[in-house]
Amino acid sequence: FKTTATGYDNSQVVIRLKDNDRPKISMTLSKSIISESDGYQALTATITREGSTEDGITVYVTSNSGGELYFDSNKNIIPNGSSSVTIPVSVKDNSMQDGPRAWNITCALYLTDTKTRVAEDSPSYCQAPITVTDNDTDNILKLSASAGRLPEGGKATLTVERNTTKGSQTISIS
């Protein structure tokens with residue numbers, strides 16, 4: 001802005017307008033299908049923001065896998081001057097025959113002032129599908145006891161676990 005008036009010195013001031021619009025974000029996965037045996041850092045997720053990179057932003061990453069997929073950190077920063085961040089995504093290997101599972105990895109702008117994430121209908125929210133295949137093909141029974149030694153007349157509980165939930169079967173313990 002400039003000021004001018006007869007009989008006065010001219011003056012000028014520069015005002016910098018800081019953009020407070022929330023950036024649109026997107027996410028790309030390095031793989032869309034992984035095996036549960038892929039374990040730690042089974043794939044990577046690259047989160048990209050559009051628009052100004054003047055300020056850093058925090059994005060919150062999660063999944064609907066019930067803890068089967070996990071991240072080194074749920075809060076990840078795209079630093080100022082950068083348009084993206086790449087994070088590892090890991091998968092837990094269980095011993096259950098549970099077949100392929102389809103989940104979503106979700107990314108949302110984290111609002112540090114309110115400590116909340118943006119809503120699902122926001123351009124600052126995105127998700128990507130992931131399928132985890134099962135690597136457990138053998139039927140396995142696991143027997144455990146509540147005590148390793150018993151006095152004569154003592155009691156213990158024996159527990160039998162199996163790695164499949166399909167059907168029922170009689171199990172003999174001898």
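Residues numbered from 1 in each chain as written. Predicted model: local features only at pLDDT ≥ 70, side-chain atom pairs only at ≥ 80, totals over all residues. Heavy atoms only, no water.

Student: Before we go on, may I ask you to explain a nonpolar patch on the surface in this structure?
Tutor: Together, L141, L143, L158, V160, I171 and I173 give the surface a local cluster of nonpolar side chains, amounting to about 530 Å² of exposed area. Structurally, I171 can be placed in the segment after strand 14 (158-162). (Patch = residues over 30% accessible without salt bridge, like charges linked within 9 Å, V, L, I, M, F, W, Y side chains within 5 Å. Areas by Shrake-Rupley, 256 points an atom, 1.4 Å probe, with all protein chains shown as cover. Salt bridge = Lys/Arg side-chain N within 4 Å of Asp/Glu carboxyl O. Helix = DSSP H or I, 4+ residues; strand = E, 2+ residues; numbered from the N terminus.)

Student: I keep staring at the pairing of strand 9 (residues 84-91) and nothing clicks. Help me out?
Tutor: Looking along a regular strand, one sees the side chains alternate between the two faces of the sheet. Strand 9 sits mainly inside the fold: six of its eight residues count as buried. Where strand 5 (residues 43-49) and strand 9 come together, six bridges link them in antiparallel fashion. Residue pairing for strand 9: L43 is matched across the bridge by V89. Pairing of strand 7 (residues 69-71) with strand 9 involves three bridges; the strand directions are antiparallel. Bridging from a neighbouring strand, F71 pairs with V89 of strand 9. (Buried < 20%, exposed > 50% of the residue type's maximum accessible area, 1.4 Å probe, protein only. Pairing = 2+ DSSP bridges.)

Student: Would you explain the pattern of salt bridges in this entry?
Tutor: Side-chain pairing between opposite charges can occur once the charged atoms of the two side chains come close. On inspection of all chains with the given rule, the structure shows one salt bridge. Between R101 and E36 there is a salt bridge, with the nearest N and O atoms lying 2.9 Å from each other. Of this pair, R101 sits in strand 10 (residues 101-111) while E36 sits in the loop between strand 4 (33-35) and strand 5, and the two are 65 residues apart along the sequence. A single burial state applies to R101 and to E36, both of which are buried.

Student: Help me out: how do you make sense of the state of the cysteines in this one?
Tutor: With the rule as written, the count across this model stands at zero disulfides. Free cysteine C107: the closest other cysteine sulfur is in C126, separated by 4.5 Å. On the basis of relative accessible area, C126 is assigned to the buried category, the value being 12%. (Disulfide = S-S within 2.5 Å.)

Student: Help me understand the sheet that holds strand 9, please; the structure alone is not making it clear to me.
Tutor: Within a sheet, neighbouring strands are paired by backbone hydrogen bonds and run either parallel or antiparallel to one another. Taken in spatial order, the four strands line up as 3-5-9-7 in an open sheet, and their pairing is antiparallel. Each of the sheet's edge strands pairs with one partner strand only, and the pair in question is strand 3 (25-29) and strand 7. The mean inter-strand angle of the sheet, taken between neighbouring strand axes irrespective of direction, is 30°. As judged from the five bridges shared by strand 3 and strand 5, these two strands associate in the antiparallel manner. Residue S26 lies in a different strand from strand 5, and its bridge partner there is T48. (Axes fitted to C-alpha atoms, helices over the stretch in contact; angles between N-to-C directions.)

Student: Just to check I follow, could you spell out the nonpolar core for this structure?
Tutor: Nonpolar side chains tend toward joint burial in soluble globular proteins. Among the nonpolar cores identified, the biggest contains 30 residues, and M27, I47, L69 and I105 are the most heavily contacted of them. The element contributing the most residues to this core is strand 10, with six residues. Excluding its chain neighbours within four sequence positions, the residues that come into contact with I47 are S26, M27, V59, V61, I78, S83, S84, V85, I87 and C107. (Core = buried A, V, L, I, M, F, W, Y, C linked by side-chain atoms within 4.5 Å. Contact = heavy atoms within 4.5 Å.)

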